[in-house]
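Fold and geometry: a report
One-letter residues, chain by chain:
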Amino acid sequence: MEILTRHLDDLEPRTVFELCRLRLDVFVVEQDCAYPDLDERDLEPATRHVVLLDAGRVVGTARVLDDTTEQRVGRVVCHPDVRGTGASGVLMRAAVEAATQAAPGQDVVLGAQSPLVGWYATFGFAPDGPEYLEDGIPHTPMRRPGVLSPAAP
């Protein structure tokens, strides 16, 4: 498997199509949430798209947004073919790395589907507020404290 972390304009058109198709297939069709998955945030110059490829095919994606004072991970999704293989962990580690490299020291936040709170905790996230409904699905806000690398002696 291969990870790409790119701005939207730096991705190949077929890769953009496949990542959009994956998000549509899972979030809108599989999870039955009619909402505008594609939004203006995908186009922001600071947004990084993390793409997991398997033999050149998009099998996972996440996006990292710059919210000025914190980095936000969202749209985390894996193709059903790779669920349960560890691919989602590879994708999430890459998303956290992209967020921390973009803004060392800033917290990383996300809105976890509530049944996945324990899974996100394995990446250093902790609940950071009350549960809420988004598109009829319970979510929990989570935060991972930012870490600055110690200064070299």
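Now for a look at the structure at hand. Bear in mind the structure is a predicted one, so any value in this text is a computation, not a measurement.

Rules used throughout
- Residues numbered from 1 in each chain as written.
- Predicted model: local features only at pLDDT ≥ 70, side-chain atom pairs only at ≥ 80, totals over all residues.
- Heavy atoms only, no water.
- Core = buried A, V, L, I, M, F, W, Y, C linked by side-chain atoms within 4.5 Å.
- Buried < 20%, exposed > 50% of the residue type's maximum accessible area, 1.4 Å probe, protein only.
- Helix = DSSP H or I, 4+ residues; strand = E, 2+ residues; numbered from the N terminus.
- Contact = heavy atoms within 4.5 Å.
- Phe/Tyr/Trp six-rings, centres within 6.5 Å; stacked < 30°, edge-to-face > 60°.

Our focus in this paragraph is the nonpolar core. Residues Val 50, Met 92, Leu 110 and Phe 125 are the most contacted members of the largest nonpolar core, which totals 24 residues. Elements that contribute at least two residues to this core include exactly β2 (48-54), β3 (57-66), β4 (70-78), α2 (87-102), β5 (107-113) and α3 (117-121). Of all the elements, α2 adds the most residues to this core, at 8 residues. Ignoring any residue separated from it by four or fewer positions in sequence, one finds Phe 125 in contact with Met 92, Val 96, Val 108, Val 109, Leu 110, Tyr 120, Met 142, Arg 143 and Arg 144. Ranked by size, the runner-up nonpolar core spans 12 residues in total, among them Leu 11, Val 16, Leu 22 and Leu 53.

Take the packing of aromatic side chains next. In this structure the tally under the stated criterion is 3 aromatic pairs. Measuring from ring centre to ring centre gives 4.9 Å for Trp 119 and Tyr 120, while their planes differ by 70°; the resulting arrangement is edge-to-face. Here the aromatic rings of Trp 119 and Phe 123 are separated by 4.9 Å at their centres, their planes lie at 70°, and the arrangement is edge-to-face. We classify Phe 123 as buried; its relative accessible area is 12%.

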